[in-house]
Amino acid sequence: MRRAVCAGLLCLLAGTAAAEDYRANAEDYRDYLRRLQPGDRLLLEAGDYLHGLLLHNLSGRANRPIVIQAAAPEAPPRFIARPHANTVSLVDVRHLALRHLELDGRNFPVDAVKAEGHSRYADFITLEHLYIHDHAASQQNVGISTKCPAFGWVVRNNRIERVGTGMYFGDSDGSDPFVDGVIEANRITHTLGYNLQVKHQKTRSGEYADRHDTVIRYNVFSKQDALPGPQARPNVLLGHVPLTGAGSGDRYLVYGNLFLDNRSEALFQAEGRVAVYDNVFINGSGDAIHIQPHNDVPRDMVIFSNTVVASGTGIQVRGAEGAPYRQRVVANVVAAGIPLRGGEAAHNITQPYH
C-alpha cells in the first residue's frame, strides 16, 4: 500500500496521472475507450467482439503509450467484421499499441486495420501479434492500411492470410506518406494482390522533414495459390520517396526476408532509393527481382548478398536512360533462367535454373 501511495504522489508531483489497467469484455469494452489516457492499458477478455474497435482522438506519449491487448495472449479476443465499417478504425491517434488480437473479416468488403482517410495523422502506432484473416472480398480489402500521414509505425510479428492485400501504406496519388516505419517478422500469405505495397510519396510536410529509413526485415512474403489475371501483383512493391526537398534522402532497407511464389509477377519490385540485402527469393513460376520505373525511376540503390532461385529472370534492372543514378548488383548468388539483366553487376555467382 505504501509503495502504491508513493507512486501516486510521484505522479502528481510530476504533473501526470497514474496509469490504469482496465479489464473489459465484449459487452462493456467500448465504455472504456473514451477513458484511456497515456500509460493506460485496456485488457480484453476472450470472446467474440461484434462492434469493432473505434480508436479516435487518443494520444499516449512516447514513454507512456496507450495499450489495448488481450488479457491473456493465449486466448485473444476475436473482432468479427461487420458491413460498411473497418474493424479497427484509427483517427487522429498517437502512441498507441495493439497486441494479441484476432481480426476475422468473414469476407466482408472492409479492412481489418485502417488509418482512415479523413484522419489528420496516425503516428507511432505499434501493431504486434495480430492474427488477421479472411478479408478477401476483393483485392481492395486490406489487412493493415494507412490513408493519412503515418509516422513511426512498428508492425511486428503479425500473421496475415487470405486477404485482398496484406499491407498497403500511403495513398494511390502519392499523398499521405508512410515514414520511418519498421515492418518486421510478419508472415503474409494467400493474398489476392500485394503482400505489401508502400506507395510513392510526392511531398513531405515540415513535421516529417528529417531524413528517415523505413526498415522491412525478417518477414515471409508468399503468394502461393494466387491467381493470374487482373489481380496479379508483385509480392512486394516499393514506390519512390519525395523526389526533391524534405524526405528525398530517405531509403528503404530490405533485409533478412523470405520471398516465395508468384506465378504472374516478380516477387519484388522497387524504384527510388533502396538497399536490398541478405534476402532469399524463391519463385519456381517466374521472376524474382524487378528494379524498374513505376511512378518515377530507380535512383541510387544496391542489391547485394541475396540468394535468388527463379525459373524466369533472377535480377532485372531497368533504369531511366541517361539518369544520373547507380543501381549496383553485387555478390548475389543467382540460379535462374536468366540470372542477371542490367545494373552494375560485380562478384555475383550465377548458374542456370534446374
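Computed from a predicted structure; not experimentally measured.

(A) Region of the structure containing the environment of valine 254. Relative to the helices and strands, valine 254 is located in strand S24 (residues 251–255). Once the C-alpha coordinates of valine 254 and glycine 166 are considered, the two residues, 88 residues apart in sequence, prove to be 17 Å apart.

(B) Representation of the confidence of the model for the protein. Per-chain confidence: the protein averages 92 in pLDDT, with 95% of residues scoring 70 or above. Here residues 1–15 is modelled with pLDDT under 50, and outside its nearest four sequence neighbours on either side it reaches 3 contacts, counting other chains as well.

(C) Region of the structure containing empty space enclosed by the protein. For the coordinates displayed, the defined rule picks out 2 cavities of 30 Å³ or more. Every residue lining the largest cavity is listed: Phe178, Val179, Asp180, Gln201, Arg204, His212, Asp213, Thr214, Val241, Asp250, Arg251 and Tyr252. Of all the secondary structure elements, the ones that give two or more residues to the lining of the largest cavity are strand S17 (178–179), strand S21 (213–217) and S24. Residues belonging to the lining of the largest cavity are distributed by class as follows: 4 nonpolar, 3 polar and 5 charged. In this structure, the second largest cavity encloses a volume near 30 Å³. Every residue lining the second largest cavity is listed: His240, Val241, Pro242, Leu243, Ser248, Gly272, Arg273 and Arg299. When grouped by side-chain class, the residues that make up the lining of the second largest cavity number 3 nonpolar, 3 polar and 2 charged.

(D) Focus on unusual backbone geometry. Positioned with a positive phi, histidine 84 is a non-glycine residue whose angle comes to about 65 degrees. With respect to the secondary-structure elements, histidine 84 resides in the loop between strand S6 (78–80) and strand S7 (88–99). For histidine 84, a relative accessible area of 83% gives the class exposed. With a phi close to 60 degrees, alanine 185 is a non-glycine residue in the positive phi region. Inspection of the secondary structure puts alanine 185 in the loop between strand S18 (182–184) and strand S19 (187–191).

Rules used throughout
Residues numbered from 1 in each chain as written. Predicted model: local features only at pLDDT ≥ 70, side-chain atom pairs only at ≥ 80, totals over all residues. Heavy atoms only, no water. Helix = DSSP H or I, 4+ residues; strand = E, 2+ residues; numbered from the N terminus. pLDDT = per-residue confidence, 0-100. Contact = heavy atoms within 4.5 Å. 1 Å grid on protein atoms, 1.4 Å probe; cavity = no way out; pocket = protein on both sides within 12 Å on 5 of 7 lines; lining within 4 Å. Points joined across faces, edges and corners; volume = space filled by probe spheres on them. Nonpolar A, V, L, I, M, F, W, Y, C, P; charged D, E, K, R; others polar. Buried < 20%, exposed > 50% of the residue type's maximum accessible area, 1.4 Å probe, protein only.

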